[in-house]
Amino acid sequence: MTDAILTLNAGSSSLKFSLFEASGGGLTRLADGELADIGDQDRAASLDRLLNWADAHLGGDRLAAVGHRIVHGGAEFTRPARLDAAVMAKLEALSPLAPLHQPHNLAAVRAVAKARPDVAQVGCFDTAFHHGHAAEVDRFGLPREWEARGVRRYGFHGLSYDFIAGRMRELDPALAAGRMIVAHLGAGASLCAIRDGRSVDTTMGFSALDGLVMATRCGALDPGVILYLGASHGIAGPALEDLLYRRSGLLGVSGISDDMKLLLASDDPAAAEAVELYVFRIVREIGALAASMGGVDGLVFTAGVGEHAPAIRQRVCARLGWLGASLDAAANARGGGRISGASGRLALWAIPTDEEQVIARQTRDLVLAA
């Protein structure tokens, strides 16, 4: 009998999953999929159907564990953890810091526990990759009592950055051992400065709202704007959360869409302005992360926009000549692999990420190696 691992990445209305066979110290992907248009009321039934499908797909093999993407692990969870009642209580307390993600991540855990109480569950944390930063990287200029209460920078997209760091050791060992900036550009977007495989700095901070302009999230914002919106316009609480998380970013600036493909194809000036802001903020933050590392040897694009929008890669790299960026136009248009030109000092790559692979590996190492 062979052991298998199911990975889950639960969103507000969708559930991405992968099924892996774990044998001989390795992982073999058996299937991928996504359940779309599921709400909170459908989640338990959808997961029960998924678990039944996994059993049928595995035949005589055993579903040994379910690994979950958990967006926020706070200061405590610096490595994967078994999801028992005590751990779940601590993770529930972090939900206000990641309201778009954490409640749905944890709802999937509870649904699996109810359907299959005998199956081990493991939380794999997006914040964990960023632990170990220098103190000044994660500290805010607030009274220390607030830092003691957990008000500090955490960073996110760590599962993606973990995968890219490992993949680059295979593709470009010299760069992986040096200083690279990874641009995870999806609906949520961030950058990470990585030196010798370890996170040095990142653009997201206390929440997944910080940093770059995203699909519907505003990114870094002067706190004075928050004070003004509350004092002068009465926008606070759920209304403020909705504005900053769901109605800002590319959608808010363009007034058209949060879809980069549609914005690039549009002849509306507001679409062009939204894209220009998006690119500007990426370029500015690359400069900041280069300063954090004392230089940069390479830039890696990944996730939906990073992998599939050569126009965005071209616009970003065109503004990084001062760092030695020179793009190979043909390679960039083809997409995938090394895209830097022969004359450039900065190594440029565009490669897919695989968070599910990292979740499966971390789950295997915690459950099956025990």
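Residues numbered from 1 in each chain as written. Predicted model: local features only at pLDDT ≥ 70, side-chain atom pairs only at ≥ 80, totals over all residues. Heavy atoms only, no water.

Participant: Break down the overall build of the protein for me, citing the residues and quoting the values.
Facilitator: When its secondary structure is counted, the protein shows 16 helices and 12 strands. In summary, the protein has a C-alpha radius of gyration of 21 Å against a globular reference of 21 Å for 370 residues, a match within 12%. Counting every position in the protein, which comprises 370 residues, the buried fraction comes to 54%. For the protein, long-range pairs separated by at least 24 residues make up 65% of all intrachain contacts whose partners lie at least 6 apart in sequence. For the protein, the exposed surface amounts to about 16000 Å²; the carbon and sulfur share of it is 53%. (Helix = DSSP H or I, 4+ residues; strand = E, 2+ residues; numbered from the N terminus. Rg over C-alpha atoms; globule rule 2.2 N^0.38 Å. Buried < 20%, exposed > 50% of the residue type's maximum accessible area, 1.4 Å probe, protein only. Contact = heavy atoms within 4.5 Å. Areas by Shrake-Rupley, 256 points an atom, 1.4 Å probe, with all protein chains shown as cover.)

Participant: Give me the packing of helix 2 (residues 85–92) against helix 3 (residues 102–115): which residues, what numbers.
Facilitator: Remark: helix 2 packs on helix 3, axes separated minimally by 10 Å, with the N-to-C direction vectors making an angle of 160°. Viewed along their axes, helix 2 and helix 3 adopt a mutual orientation that is roughly antiparallel. Classified by chirality, the crossing of helix 3 by helix 2 is left-handed. The residues of helix 3 that touch helix 2, namely those facing Met88, Leu91 and Glu92, are Gln102, Leu106, Val109 and Arg110. Of the residues that constitute the contact of helix 2 with helix 3, the class distribution is 4 nonpolar, 1 polar and 2 charged. (Axes fitted to C-alpha atoms, helices over the stretch in contact; angles between N-to-C directions. Parallel < 35°, antiparallel > 145°, perpendicular 65-115°, else oblique. Left-handed = near helix turned anticlockwise from the far one by under 90°. Nonpolar A, V, L, I, M, F, W, Y, C, P; charged D, E, K, R; others polar.)

Participant: Outline the pattern of salt bridges, listing residues and values.
Facilitator: One pass over the structure, following the stated rule, counts 20 salt bridges. The closest approach of N and O atoms between Arg338 and Asp172, which form a salt bridge, is 3.4 Å. Remark: Asp172 occurs in the loop between helix 6 (158–171) and helix 7 (173–176) and Arg338 occurs in strand 11 (residues 337–338); sequence separation between them is 166 residues. Residue class for Arg338 comes out partly exposed when judged on its relative accessible area of 44%. (Salt bridge = Lys/Arg side-chain N within 4 Å of Asp/Glu carboxyl O.)

Participant: With reference to specific residues and values, describe helix 16 (residues 355–367).
Facilitator: For helix 16, built from 13 residues, the straight-helix expectation of 18 Å at 1.5 Å per residue is met to within 8% by its first-to-last C-alpha distance of 18 Å. Looking at helix 16, one finds that the buried residues are Glu355, Glu356, Val358, Ile359, Ala360, Gln362, Thr363, Arg364 and Val367. (Expected span 1.5 Å × (residues − 1).)

Participant: Give me the sheet that holds strand 7 (residues 179–185): which residues, what numbers.
Facilitator: One open sheet accounts for 6 strands, arranged 9-8-7-10-12-11; its pairing is mixed. Edge positions in the open sheet fall to strand 9 (198–202) and strand 11, since each of these has one partner strand only. (Pairing = 2+ DSSP bridges.)

Participant: Tell me about a nonpolar patch on the surface, and please be specific about residues and values.
Facilitator: Together, Val253, Leu277 and Phe280 give the surface a local cluster of nonpolar side chains, amounting to about 210 Å² of exposed area. Structurally, Phe280 is set in helix 12 (residues 269–293). The class for Phe280 is partly exposed, based on a relative accessible area of 33%. (Patch = residues over 30% accessible without salt bridge, like charges linked within 9 Å, V, L, I, M, F, W, Y side chains within 5 Å.)

Participant: Would you mind going over the side chain of Glu355 in detail, with residue names and values included?
Facilitator: Note that Glu355 resides in helix 16. Among buried Asp, Glu, Lys and Arg side chains, Glu355 stands out as unpaired, with Arg69 the closest opposite charge at 4.5 Å. (Lys, Arg positive; Asp, Glu negative; His and termini not counted.)

Participant: Hey, could you go over the pairing of strand 6 (residues 120–125) for me, with residue numbers and the actual values?
Facilitator: The buried fraction of strand 6 is high, at 6 of 6 residues. Both faces of strand 6 are covered, namely the face carrying Ala120, Val122 and Cys124 and the face carrying Gln121, Gly123 and Phe125. With 6 bridges connecting them, strand 4 (residues 62–70) and strand 6 associate as parallel partners. Note on strand 6: the bridge partner recorded for Gly67 is Val122. One ladder, built from 2 bridges, connects strand 5 (residues 81–82) with strand 6; its direction is antiparallel. Bridge pairing links Ala81 to Gly123 in strand 6.

Participant: Just give me the short version of the packing of aromatic side chains, but keep the residues and values in it.
Facilitator: One pass over the full model with this rule turns up 3 aromatic pairs. Ring centres of Tyr154 and Phe206 lie 6.5 Å apart, and the angle between their planes is 40°; this geometry places the pair in the tilted category. With Tyr154 in the loop between helix 5 (144–148) and helix 6 and Phe206 in the loop between strand 9 and helix 8 (223–233), the pair connects residues that are 52 residues apart, well separated along the chain. Note on Phe206: relative accessible area 26%, which makes it partly exposed. Geometry around Trp146 places Arg149 over its ring, the cationic atom sitting 4.6 Å from the centre. (Phe/Tyr/Trp six-rings, centres within 6.5 Å; stacked < 30°, edge-to-face > 60°. Lys NZ or Arg CZ within 6 Å of the ring centre and 35° of its normal.)

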